[in-house]
Protein chains: 2
Amino acid sequence: MQACNRAIIARMESPVPLIPQLGAHLVAAGGKRLRPLLTLASSRLCGYKSTPENQRHVGLAACVEFIHTATLLHDDVVDESNLRRGLASANAVFGNKASVLVGDFLFARSFQLMTADGSLKVMAILSDASATIAEGEVLQMVTQNDLSTPVDRYLEVIHGKTAALFAAACRVGAVVADRPEAEELALDRFGTNLGMAFQLVDDALDYAADQQILGKTVGDDMREGKITLPVLAAYEAGSAEDRAFWERVIEKGEQTEADLPHALALIEKTGAIATTIARAQAYAAEAVDALSIFPDSELRRLMTETVQYTVDRAR
Amino acid sequence: MQACNRAIIARMESPVPLIPQLGAHLVAAGGKRLRPLLTLASSRLCGYKSTPENQRHVGLAACVEFIHTATLLHDDVVDESNLRRGLASANAVFGNKASVLVGDFLFARSFQLMTADGSLKVMAILSDASATIAEGEVLQMVTQNDLSTPVDRYLEVIHGKTAALFAAACRVGAVVADRPEAEELALDRFGTNLGMAFQLVDDALDYAADQQILGKTVGDDMREGKITLPVLAAYEAGSAEDRAFWERVIEKGEQTEADLPHALALIEKTGAIATTIARAQAYAAEAVDALSIFPDSELRRLMTETVQYTVDRAR
């Protein structure tokens, strides 16, 4: 992981100083580096032998993080967010323009990293994932403020914006280790389901956690009129009066200070968090299941624990 | 070119309807399709044989246009432009968020097209160009409002934002035709110099043409405080009073309705357009020169005429 962090910093370099400056801000903001970790863990689970000459997994882990960081930069512009992982977001510090353009640079750099890796198979997996992410983001924008969004549509959104890159991050681990397709597909399934669970929990936390734990402002999703499962579940299970409340705050976007506590109370009353977490648990179980084709090992146990930890964040 | 247009429309498809909708808006807005034309012309100049099975040049021409379109979408967001090619820009019709996200989609799609092509060499050329474009855009943003920007820095900006993709568009034509490196480099040099000339003329037109010819609002660059050669030359050659005017308008961004005609008069008085066009002519001459390694042919003459036409737009 240290090698991966070094690769991230090294590949952020550019003759244009603002790029590494903004890059340093993002690196300092930290984050869990979950996606590159998945690439590293998956390659090891598949028996990839890391040697000083054989560092493809590190380059690809950095590549995955660059794709993720580029989408974060653009998300914050689109969502007009001022906080990211508890710190001022890049757009708040450097402006929207810098975030759009440096995001583009990171996207381009991720494709340079793929090209340097040289596997067409890896390139297909990661470029397909990039297109799917963008589609998911557009779909999320289209469903914004629309309480008639079916749950399936919401699941499609989070598959695109989150699960697709988790899946690709894991799958390329099997590819660099040159393993049979069954292992590729198992890791793809592991990543997809972990990603779905992860995003469901994230969406639950936006109506549940306090800001210190979450590293973002609670109620962001509500303020943006974002359609997530907690809202859909609370709306579905709510009284006529509850529904009128959600229609005003989410669909019309008319919000006052008192609305967030009331929203949290409605979410609590209707069991919407429990509904969301139950869905996350189901995906988590399938993620764990997907690993069953690999022999038992400490690493497999660690990956299983990661799945459980992802869901337990919500407790 | 019709095959390329068909490929562009086909590859704009997505299960998310807003993507082809915004795509249709961009296709309807037309544009010159100069960059994909360069790929097609370069491949033919290198003797690439187009057959029903051999359509790599078409896929790559579409890829080049996707990269270009993605950067246009993001540019318009960054510049807050409301007009593009004389029509309402995508961000004015669909909003900034849609433009950012659909731009990301088009970038990702361009990488899918490269991956489908399957040449690592092509991928390196186009992913390097994408990174250089983003660096040029960031550098342009950093120099905004800064009249102390050296001319060389300005040239670096237009190399990044324009000439790099022109060069890549031409160079991949030689690569698909499997020609020796000398021809690749000649086409790279042709594209680079044509791109430089093209952007210099574009920047001249922003202070010279009327809106019908240009398809964009005259004075856009001034309103944005963009540093271009016409401004640098007029500032350099201006009186103390002229300089105070430019400092107020470009550096402080304090502008009134009367400032644009006054700016045009100063640009005229100082011969700044002629200075800019002279530079463009020099690049154009080098572009024509770069083609000299290819035997004389109707196509080579057409490409030479394209260079001259690019510069003559400014008359």
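Just so we're clear, the structure is a prediction, and the values are computed from it rather than from any experiment.

Draft legend 1. Focus on the nonpolar core. Counting residues in hydrophobic clusters, the biggest one holds 218 residues, and the most contacted among them are Leu 126, Phe 190 and Trp 246 of chain A together with Leu 126, Phe 190 and Trp 246 of chain B. Dropping the residues within four chain positions of it, Phe 190 of chain A is found in contact with Leu 38, Cys 170, Ala 287, Ala 290, Leu 291, Met 303 and Val 307 of chain A.

Draft legend 2. Just helix H1 (residues 2-11) of chain B, in detail. Residue and element names in this part refer to chain B. All of the buried residues in H1 are Cys 4, Ala 7 and Ile 8. Angular distribution of buried residues about the axis of H1 spans 100 degrees; they occupy a single face of the element. Counted as exposed and oriented over 90 degrees from the buried face of H1: Gln 2 and Arg 6. Its buried side turned inward, H1 meets helix H2 (18-29), helix H3 (34-45) and helix H4 (56-79).

Draft legend 3. Seen up close, the pattern of salt bridges. All names here are of chain A. Applying the stated criterion across every chain yields a total of 32 salt bridges over all chains. Two residues, Arg 33 and Glu 65, come together in a salt bridge whose shortest N-O distance is 3.1 Å. Here Arg 33 is found in the loop between helix H2 (18-29) and helix H3 (34-45), whereas its partner Glu 65 is found in helix H4 (residues 56-79), with 32 residues between them in sequence. The exposure classification of Arg 33 matches that of Glu 65, with both residues buried. Between Asp 188 and Arg 171 there is a salt bridge, and its shortest N-O distance comes to 3.3 Å. Placement of Asp 188 in helix H9 (residues 181-205) and of Arg 171 in helix H8 (residues 151-176) is noted, with a sequence separation of 17 residues between them. Salt bridges linked by common partners bring Lys 121, Arg 171, Glu 184 and Asp 188 together as one network.

Draft legend 4. Up close: the side chain of Thr 228 of chain A. Residue and element names in this part refer to chain A. In this fold, Thr 228 is placed in the loop between helix H11 (220-223) and helix H12 (229-237). Given a relative accessible area of 2%, Thr 228 falls into the buried group. Setting aside anything within four residues of it in sequence, one finds Thr 228 in contact with Tyr 154, Asp 203, Tyr 207 and Asp 221.

Draft legend 5. Here's a closer look at the interface of chain A and chain B. The partner chain B presents 36 residues to the 36 residues of chain A that form the contact. On the chain A side of the interface with chain B, the three residues burying the most area are Lys 97, Leu 101 and Glu 135 of chain A, jointly 18% of the side's total. Summed over the shared surface of chain A and chain B, the number is 0 salt bridges. Our count for the chain A to chain B interface comes out at 8 residue pairs in polar contact (both at pLDDT 80 or more). Those elements that provide at least two residues to the side of chain A that touches chain B are H2, H4, helix H6 (96-117) and helix H7 (120-143) of chain A. By residue number, the principal contributor to the side of chain A that touches chain B is H7 of chain A, which donates 14 residues.

Draft legend 6. Representation of the environment of Phe 105 of chain B within the structure. With respect to the helices, strands and loops of the structure, Phe 105 of chain B is situated in helix H6 (residues 96-117). Separated by 42 residues in the primary sequence, Phe 105 of chain B and Cys 63 of chain B place their C-alpha atoms 12 Å from one another. For Phe 105 of chain B, the contacting residues outside a window of four places in its chain are Ala 131, Ala 134 and Glu 135 of chain A together with Met 12, Glu 13, Ser 14 and Ile 19 of chain B.

Draft legend 7. Representation of unusual backbone geometry in the model. Here Asp 178 of chain A, not a glycine, exhibits a phi torsion of approximately 60 degrees, which is positive. One can find Asp 178 of chain A in the loop between H8 and H9. On the accessibility criterion, Asp 178 of chain A (68% relative accessible area) is exposed. The backbone of Asn 145 of chain B shows a phi angle near 70 degrees, a positive value even though the residue is not glycine. Checked against the element boundaries, Asn 145 of chain B lands in the loop between helix H7 (120-143) and helix H8 (151-176).

Draft legend 8. Examining the packing of helix H12 (residues 229-237) of chain B against helix H15 (residues 272-290) of chain B more closely. All names here are of chain B. Close contact between H12 and H15 brings their axes to 8 Å; oriented N to C, the two are set at 130 degrees. Comparing their axes, H15 and H12 come out oblique. Once H12 is placed against H15, the crossing between them reads as right-handed. Across the interface between the two elements, Leu 229, Pro 230, Ala 233 and Ala 234 from H12 touch Ala 272, Thr 275, Thr 276 and Arg 279 from H15. A per-class count over the contact of H12 with H15 returns 5 nonpolar, 2 polar and 1 charged.

Draft legend 9. The arrangement of the relation of the copies chain A and chain B in detail. For the match of chain A to chain B, the screw axis carries a shift of 0.0 Å, the RMSD comes to 0.0 Å, and the turn is 180 degrees. On this basis, the relationship between the two copies can be described by a two-fold rotation axis. When the interface residues of chain A are mapped onto chain B, 100% of them are again interface residues, pointing to one common binding face.

Draft legend 10. A look at the packing of aromatic side chains. Applying the stated criterion to the full structure yields 5 aromatic pairs over all chains. Their ring planes at 0 degrees and their centres at 3.3 Å tell us that Phe 111 of chain A and Phe 111 of chain B sit as a pair that is stacked. Of the two residues, Phe 111 of chain A sits in helix H6 while Phe 111 of chain B sits in helix H6, which places them in two different chains. Of the residues examined, Phe 111 of chain A reaches a relative accessible area of 3% and is grouped as buried. Ring geometry for Phe 245 of chain B versus Trp 246 of chain B: centroids 5.3 Å apart, planes at 70 degrees, classification edge-to-face. Each member of the pair, Phe 245 of chain B as well as Trp 246 of chain B, carries the same accessibility label: buried. The aromatic ring of Tyr 235 of chain B is capped on one face by Arg 243 of chain B, whose charged end is 4.4 Å from the ring centroid.

Draft legend 11. Expanded view of the packing of H4 of chain B against H8 of chain B. All names here are of chain B. Close contact between H4 and H8 brings their axes to 10 Å; oriented N to C, the two are set at 165 degrees. By the angle class used here, H4 and H8 are roughly antiparallel. H8 is crossed by H4, and the crossing has right-handed handedness. The segment H4 lies against H8, with Arg 56, Leu 60, Val 64, Ile 67 and His 68 engaging Leu 165, Ala 169 and Val 176. Split into classes, the residues belonging to the contact of H4 with H8 amount to 6 nonpolar, 1 polar and 1 charged.

Draft legend 12. Inspection of the environment of Ala 7 of chain A at higher detail. Residues and elements named next belong to chain A. In this structure, Ala 7 sits in helix H1 (residues 2-11). Residues Ala 7 and Cys 63, 56 residues apart in the sequence, show an inter-C-alpha distance of 9.2 Å. Apart from the residues within four sequence positions on either side, Ala 7 is in contact with Val 58 and Ala 62.

What counts, and at which threshold
Residues numbered from 1 in each chain as written. Chains lettered and ligands numbered in written order. Predicted model: local features only at pLDDT ≥ 70, side-chain atom pairs only at ≥ 80, totals over all residues. Heavy atoms only, no water. Core = buried A, V, L, I, M, F, W, Y, C linked by side-chain atoms within 4.5 Å. Buried < 20%, exposed > 50% of the residue type's maximum accessible area, 1.4 Å probe, protein only. Contact = heavy atoms within 4.5 Å. Helix = DSSP H or I, 4+ residues; strand = E, 2+ residues; numbered from the N terminus. Arc of directions from axis to C-beta. Salt bridge = Lys/Arg side-chain N within 4 Å of Asp/Glu carboxyl O. Buried area = accessible area lost by both parts, 1.4 Å probe. Polar contact = N/O pair within 3.5 Å; in protein donor to acceptor, adjacent residues only side chain to side chain. Axes fitted to C-alpha atoms, helices over the stretch in contact; angles between N-to-C directions. Parallel < 35°, antiparallel > 145°, perpendicular 65-115°, else oblique. Left-handed = near helix turned anticlockwise from the far one by under 90°. Nonpolar A, V, L, I, M, F, W, Y, C, P; charged D, E, K, R; others polar. Least-squares fit on C-alpha atoms with pLDDT ≥ 70 in both. Phe/Tyr/Trp six-rings, centres within 6.5 Å; stacked < 30°, edge-to-face > 60°. Lys NZ or Arg CZ within 6 Å of the ring centre and 35° of its normal.

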